[in-house]
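# Structural features, examined
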Amino acid sequence: MRNFDPLTALQALLERCRVRVDGRTDGSGFFVAPGFVLSCAHVAGGTAGAPARVGYEGGVYSATVLAAAPDAASAAGQPLYPFPDLALLELDAPPPGHPCVWLDPEAPPSGTRVTATGFTRDLGPRTAVLEAGGRTGPPGRAMLELVVGEVNPGLSGGPVLSHRSGGVAAVVKATRQEDSAMGGYGVPVSALRLLDPAAYRRVLAAHDRFHAADDRWRTLADALPSADAPWAEPRAAAAGDRLAARVAERVAERVADRAFLALLAELPPDSPADLRAAFLRAAPPGTFEPDLPLLDRRDVYLELAARITLDGDHLTPELAYCADLVRTLPAHGPLTRALRDRVLIRAGETGRGEAARRRIDGTPLTPTTTTTTTTVTTAPPRPSVIGRVRHSLRDRTRYHVMVWQFRSPEEIVPAGAESAELTLPQALLLLGELLPPQIETVEALEALDGAPGRTALVELILPHEALDEDYADWRLWPELEWWTLGRKHRLVVRPLERHQEPRLHHPWLKRWTQLADRPLDRALVCVCGRGRQQRPQALDAAFNTAPELAALALAGAPRGGTLAQAFRVAVASGIPVMLWERGTDPRPLAPDVCATGCTAPGRGDCPDGRFLRAARKALTGTHRDAVPDRICDLRNEAELYEDSPDTDATPNATPDTGSPDAPLGDRVVLLWDDPARQLPRTRLAPATPAPAPAPAQTAIPTPTAAPSPVPIPAPAPATEGLPR
């Protein structure tokens, strides 16, 4: 047809996908997969299993709410149904052969023309052309503003088609004001990831399979003019050639995306930790995790496809992800071959075929080696989770918290922004809440790198006043109440002061190197802070004249007094490894045992060095890099020690580490400070008012459930786009 317009044809197909929904109230919806309808929860109802009716082309079909956002608006006193206000419905006996929309999770840029359609209260079916405006709400929970047009009551639940991508990018939610051209609001379809994960995966897999087999939508979408793109403005002839090439590339991207999504829909589901790990493995360096949860491989692919592509022969992030997937699948399966071929074809089209082949056929992504207590091997730095608590510059009684994933010295990924000012109990509570998902991700990354089953290393960089807390007994997984941080994971503490003072780094590195070839039991010396030769000036002199001193067994916890002073001197002198028993003080000495106090470190053992002797025995043959693993083992051995006191009945009791059979580990604290594992210097978060006080506890943070979505108040006089 000479006057064929693909946009008009796509709008007509969009109208063939719309339905009436009669549930909690009357409104609109649309088919997203065979037998599945997407609408608003305030239309269909917010309870899974609730009945509803769907009207389509003169027929009425019974349906059930498969998944929906619950209604908390009334309890919260909000005028609008809370975000995400989406519901998926499943028809009992759907009409045969109905079309389905293509969902586009990328919100259209401001100024993009969009089409909204549905069923109004007074006029019946209506299709309106509007524009995408700004966003209302926080990242991941923002509504799309629909401007320059009228959003009638009754359109709620209807689709919003982006003229730029040719996909449905949002669901109509509300009108700003009835009978006006003030527009309204839409919920991005990406917010479907906030619904029930099982229902989401089921519907989106059916969506991708449908469009792999049915080409009605994709044929029209690929033929759309790119009038909304800034590069589509009329230019000279050369610019026109570039525009044609860009349009062709954009179509090729859409074709590739649909092909990959159809293949990913056939793979079994993956765990959230594995999905996060795969996303971070393929993402460009420094990429933040997505604002919305990753529920399946489709989400990983599309999130990566929206990221910046590295120049040169680097694979695009989504292709890198698919190449990594090929290596994890059965070598000769039909899906593996199909995915491998698709990766190589698409990479070849973009001039990156060799990079794709290397990624698919290469050795493990990060070589790994094993370090034992008797053999020293050369290995790359071990991945870990690093949590830091540091003072506010404005008020040293307030603290900021931040967490990173340490994958290598060149790749340190922040898990989020640094917190606002908190009290120390609040800061430790927040730290305990942030650690579990990052630990799960790092362990999944290690599995990808060829070390499945290895538990994560957890490093806590802490100010002096927070070093002696009982982090090893933190119970951060409420469903596994017996699972403690220190017995399940390799837990170490590190002194904040050294990380904030660059001039202390040289002796730190030098002493760390001194431990490279010596088992720790032969490097340990005692420090108790008692006597003339252990006062600060004498300790400093001893450390200055003995660079081989690199590991200390403290006679007690460095909480205060002379032992705290000795600890600060050791930190400033670069001592990288220290051990002590949490919550203990140096044992009092009888006058006839030690009249003059202890000697300088390394020049004689403490007369009452029971902890030193127990530590040396427990760490016999243990190499520097294996100390965190050995301490974790010792904590578990202490739990199994039959003669140890019942810590539940006598929480302050301590095993006698002077006993020949008593294990070291029940209350042991390991300071293990590898200078190769330094964090990038970051600006302190702006000073902001502290939040409401948290429970006054510091030893065992009680994990809380993920915060519920914050209801977003709409500017008055916005109302749900419903008939009343």
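The rules behind each value
Residues numbered from 1 in each chain as written. Predicted model: local features only at pLDDT ≥ 70, side-chain atom pairs only at ≥ 80, totals over all residues. Heavy atoms only, no water. Helix = DSSP H or I, 4+ residues; strand = E, 2+ residues; numbered from the N terminus. Buried < 20%, exposed > 50% of the residue type's maximum accessible area, 1.4 Å probe, protein only. Contact = heavy atoms within 4.5 Å. Areas by Shrake-Rupley, 256 points an atom, 1.4 Å probe, with all protein chains shown as cover. Pairing = 2+ DSSP bridges. Axes fitted to C-alpha atoms, helices over the stretch in contact; angles between N-to-C directions. Parallel < 35°, antiparallel > 145°, perpendicular 65-115°, else oblique. Left-handed = near helix turned anticlockwise from the far one by under 90°. Expected span 1.5 Å × (residues − 1). pLDDT = per-residue confidence, 0-100. Nonpolar A, V, L, I, M, F, W, Y, C, P; charged D, E, K, R; others polar.

Right, let's talk about the overall build of the protein chain for a bit. When helices and strands are tallied, the protein chain shows 20 helices and 22 strands. Across the 724 residues that make up the protein chain, the buried fraction comes to 52%. Restricting to contacts in the protein chain with at least 6 residues of sequence separation, those with at least 24 account for 71%. Carbon and sulfur atoms make up 54% of the accessible area of the protein chain, which totals about 31300 Å².

Before going further, it helps to spend a moment on the environment of A191. Relative to the assigned elements, A191 resides in the loop between β12 (184-188) and α4 (197-213). Apart from the residues within four sequence positions on either side, A191 is in contact with F83, P84, L86 and L292.

Another aspect to go through is the pairing of strand β10 (residues 159-162). Burial of β10 is two-sided: the residues P159 and L161 facing one way and the residues V160 and S162 facing the other way are all buried. In this sheet, strand β11 (residues 168-175) lies alongside β10 in antiparallel orientation, the contact comprising three bridges. Of the residues in β11, the one forming a bridge with L161 is V168. Once β10 ends, the chain turns through five residues before running back antiparallel as β11, passing G166 with a positive phi of about 80°.

Buried residues dominate strand β9 (residues 143-147), accounting for four of its five residues. Of the pairings in the sheet, the one linking strand β8 (residues 124-136) to β9 comprises four bridges and is antiparallel in character. Within β9, the residue paired with T136 across the bridge is M143. The hairpin formed by β8 and β9 contains six residues between the paired strands, and G137 there has a positive phi angle of roughly 125°.

Think of two packed helices as two axes; the pair is described by the angle between the axes and how far apart they sit. Across the interface, helix α7 (residues 272-282) lies against helix α8 (residues 297-305) with an axial gap of 10 Å and an inter-helix angle of 20°. Here α7 lies roughly parallel to α8, going by the angle between them. Here the hand of the crossing between α7 and α8 comes out right-handed. Here L275, F279 and A282 of α7 come into contact with α8, specifically with R297, V300, E303 and L304.

Another aspect to go through is the side chain of Q11. Inspection of the secondary structure puts Q11 in helix α1 (residues 6-17). Q11 sits in the buried class, given a relative accessible area of 15%. In this structure Q11 touches T115, V129, L161 and H163, once residues within four positions along its chain are discounted.

Once that is clear, we can look at helix α18 (residues 561-572). An ideal rise of 1.5 Å per residue puts 16 Å on 12 residues; α18 measures up with 17 Å between its terminal C-alpha atoms. For α18, the full list of buried residues reads L563, A564, A566, F567, V569, A570 and V571.

Right, let's talk about the side chain of S190 for a bit. Structurally, S190 is set in the loop between β12 and α4. According to the relative accessible area criterion, S190 is buried, its value standing at 15%. The contact partners of S190, leaving out residues within four places of it in the chain, are P105 and L292.

Mapped onto the elements, A555 comes out in the loop between β19 (551-554) and α18. Distance in space between the C-alpha atoms of A555 and T584 is 8.3 Å, their sequence separation being 29 residues. A555 has contacts with V527, C528, L563, D585 and P586, leaving out every residue within four places of it along the chain.

With 79% of its residues at a pLDDT of 70 or more, the protein chain has an overall mean of 81. Note that pLDDT drops below 50 for residues 227-237; the model gives that stretch 16 contacts with residues more than four away or on any other chain. Below a pLDDT of 50 lies the segment residues 644-655, which in the model reaches 13 contacts outside its immediate sequence neighbourhood of four places, other chains included.

Look at α7 against helix α9 (residues 317-328): their axes get within 8 Å of each other, and the N-to-C directions meet at 125°. Relative to α9, α7 is oriented oblique. Note that α7 runs across α9; the crossing there is right-handed. Where α7 approaches α9, its residues A278, R281 and A282 are matched on the opposing element by P317, A320, Y321 and D324. Grouping the amino acids of the contact of α7 with α9 by side-chain chemistry returns five nonpolar, no polar and two charged.

As a further point, take unusual backbone geometry. In most cases, non-glycine residues show a negative phi, while peptide bonds are predominantly trans. The residue after F83, namely P84, is reached through a cis peptide bond having omega 10°. Counting through the fold element by element, P84 comes out in the loop between α3 (73-76) and β6 (87-91). For D85, which is not glycine, the phi torsion reads 55° and is therefore positive. Inspection of the secondary structure puts D85 in the loop between α3 and β6. Backbone geometry places V148, a non-glycine residue, at a positive phi of 60°.

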